[in-house]
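Descriptive analysis of the structure
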Amino acid sequence: MFYVYILKGTNNKLYKGSTKNLKERFLKHNSGKVRSTKANKPWKLIYYEAFLSKSAARKEELFLKTGKGRERIEYL
(Lines give C-alpha, C1' and ligand atoms only; values in the text may rest on other atoms or scores of the structure.)
Protein backbone atom coordinates (compact mmCIF):
# COMPACT_ATOMS: atom_id res chain seq x y z
CA MET A 1 0.00 0.00 0.00
CA PHE A 2 1.01 3.58 -0.63
CA TYR A 3 -0.34 6.54 1.27
CA VAL A 4 -1.07 10.21 0.67
CA TYR A 5 -1.17 12.20 3.89
CA ILE A 6 -1.72 15.71 5.19
CA LEU A 7 -0.03 17.04 8.30
CA LYS A 8 -0.85 20.19 10.23
CA GLY A 9 1.99 22.02 11.97
CA THR A 10 2.13 24.26 15.00
CA ASN A 11 1.82 27.32 12.72
CA ASN A 12 -1.39 25.83 11.19
CA LYS A 13 0.35 25.25 7.85
CA LEU A 14 -0.40 22.05 5.98
CA TYR A 15 2.15 19.63 4.57
CA LYS A 16 1.11 17.13 1.89
CA GLY A 17 3.15 14.05 1.07
CA SER A 18 3.13 10.43 -0.02
CA THR A 19 4.93 7.37 1.31
CA LYS A 20 4.96 3.60 1.46
CA ASN A 21 5.30 3.47 5.26
CA LEU A 22 3.05 6.08 6.85
CA LYS A 23 3.95 5.35 10.46
CA GLU A 24 7.70 5.59 9.86
CA ARG A 25 7.36 8.76 7.77
CA PHE A 26 5.20 10.45 10.40
CA LEU A 27 7.81 9.68 13.07
CA LYS A 28 10.53 11.19 10.84
CA HIS A 29 8.52 14.39 10.46
CA ASN A 30 8.09 14.75 14.23
CA SER A 31 11.68 13.87 15.08
CA GLY A 32 13.03 16.64 12.85
CA LYS A 33 14.60 14.37 10.22
CA VAL A 34 12.69 15.98 7.33
CA ARG A 35 14.17 19.35 6.40
CA SER A 36 10.94 20.88 5.09
CA THR A 37 8.96 20.10 8.26
CA LYS A 38 11.67 20.48 10.88
CA ALA A 39 10.62 23.96 12.03
CA ASN A 40 6.94 23.45 12.79
CA LYS A 41 6.84 20.26 14.84
CA PRO A 42 5.01 18.61 16.42
CA TRP A 43 2.86 17.73 13.45
CA LYS A 44 -0.61 16.23 13.59
CA LEU A 45 -1.81 13.74 11.02
CA ILE A 46 -5.14 15.18 9.89
CA TYR A 47 -5.84 13.05 6.80
CA TYR A 48 -4.55 10.03 4.92
CA GLU A 49 -5.70 7.87 2.04
CA ALA A 50 -4.39 4.49 0.86
CA PHE A 51 -3.62 3.54 -2.75
CA LEU A 52 -2.62 0.28 -4.40
CA SER A 53 0.07 1.82 -6.61
CA LYS A 54 2.82 4.35 -6.07
CA SER A 55 1.86 6.22 -9.24
CA ALA A 56 -1.75 6.67 -8.08
CA ALA A 57 -0.60 7.98 -4.70
CA ARG A 58 1.87 10.39 -6.30
CA LYS A 59 -0.81 11.62 -8.72
CA GLU A 60 -3.16 12.37 -5.81
CA GLU A 61 -0.38 14.12 -3.85
CA LEU A 62 0.36 16.39 -6.80
CA PHE A 63 -3.35 17.12 -7.22
CA LEU A 64 -3.69 18.12 -3.55
CA LYS A 65 -0.92 20.66 -4.09
CA THR A 66 -2.92 22.44 -6.82
CA GLY A 67 -5.62 25.07 -6.40
CA LYS A 68 -8.43 22.56 -6.91
CA GLY A 69 -6.71 20.18 -4.51
CA ARG A 70 -6.58 22.85 -1.82
CA GLU A 71 -10.32 23.39 -2.34
CA ARG A 72 -10.89 19.67 -1.75
CA ILE A 73 -8.80 19.81 1.43
CA GLU A 74 -11.04 22.58 2.78
CA TYR A 75 -14.02 20.35 2.06
CA LEU A 76 -12.44 17.42 3.91
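That block above? That's the structure.
Let us look at the structure shown here. Remember, predicted model here, so these are calculated numbers, not experimental data.

Reading the values: the criteria
Here the residue numbering is sequential within each chain, running from 1 through the sequence in written order. Given that this is a predicted model, residues contribute local features only at a pLDDT of at least 70 and side-chain atom pairs are listed and counted only at 80 or more, while totals for whole chains, interfaces and linings are drawn from all residues. The basis for every side-chain value is the complete set of non-hydrogen atoms in the structure, without hydrogens or water. Ring geometry is summarised as follows: Phe, Tyr and Trp rings, the Trp one being its six-membered ring, pair when their centres sit within 6.5 Å, and such pairs are stacked at plane angles under 30 degrees, edge-to-face over 60 and tilted between the two. Helix and strand definitions here come from DSSP, where helices need a minimum of 4 consecutive H or I residues and strands a minimum of 2 consecutive E residues; each element is numbered from the N-terminal end. Using a 1.4 Å probe on the protein chains alone, a residue whose accessible area is under 20% of its type maximum counts as buried, one over 50% counts as exposed, and one in between counts as partly exposed. Only when the NZ of Lys or the CZ of Arg is both within 6 Å of the ring centre and within 35 degrees of the ring normal is a charge said to sit over the ring. We define a salt bridge as a contact between a side-chain nitrogen of Lys or Arg and a carboxyl oxygen of Asp or Glu at a distance within 4 Å.

Some points on the packing of aromatic side chains
As enumerated under the stated definition, the model contains three aromatic pairs in all. Centre to centre, the rings of Tyr-3 and Tyr-48 are 6.3 Å apart; their planes meet at 65°, and the pair counts as edge-to-face. Highlighted residues: Tyr-3 in strand β1 (residues 2–8) and Tyr-48 in strand β3 (residues 44–51), separated in sequence by 45 residues. Geometrically, the ring pair formed by Tyr-15 and Trp-43 is edge-to-face, given 6.4 Å between the ring centres and 65° between the ring planes. Placement of Tyr-15 in strand β2 (residues 14–19) and of Trp-43 in the loop between α1 (22–31) and β3 is noted, with a sequence separation of 28 residues between them. An identical accessibility class is assigned to Tyr-15 and Trp-43; each is buried. The ring of Phe-2 is capped by Lys-20, whose NZ or CZ atom sits 4.8 Å from the centre of that ring.

Points about the pattern of salt bridges
Within this structure, the stated rule accounts for four salt bridges. A salt bridge links Lys-28 to Glu-24; the shortest N-O distance between them is 3.7 Å. With Lys-28 and Glu-24 both in helix α1 and four residues apart, the pair spans about one turn of that helix. For Glu-24, a relative accessible area of 42% gives the class partly exposed. Across the pair Arg-72 and Glu-60 runs a salt bridge, and its minimum N-O distance is 2.3 Å. Placement of Arg-72 in helix α3 (residues 67–75) and of Glu-60 in helix α2 (residues 54–64) is noted, with a sequence separation of 12 residues between them. Salt bridges linked by common partners bring Arg-58, Glu-61 and Lys-65 together as one network.

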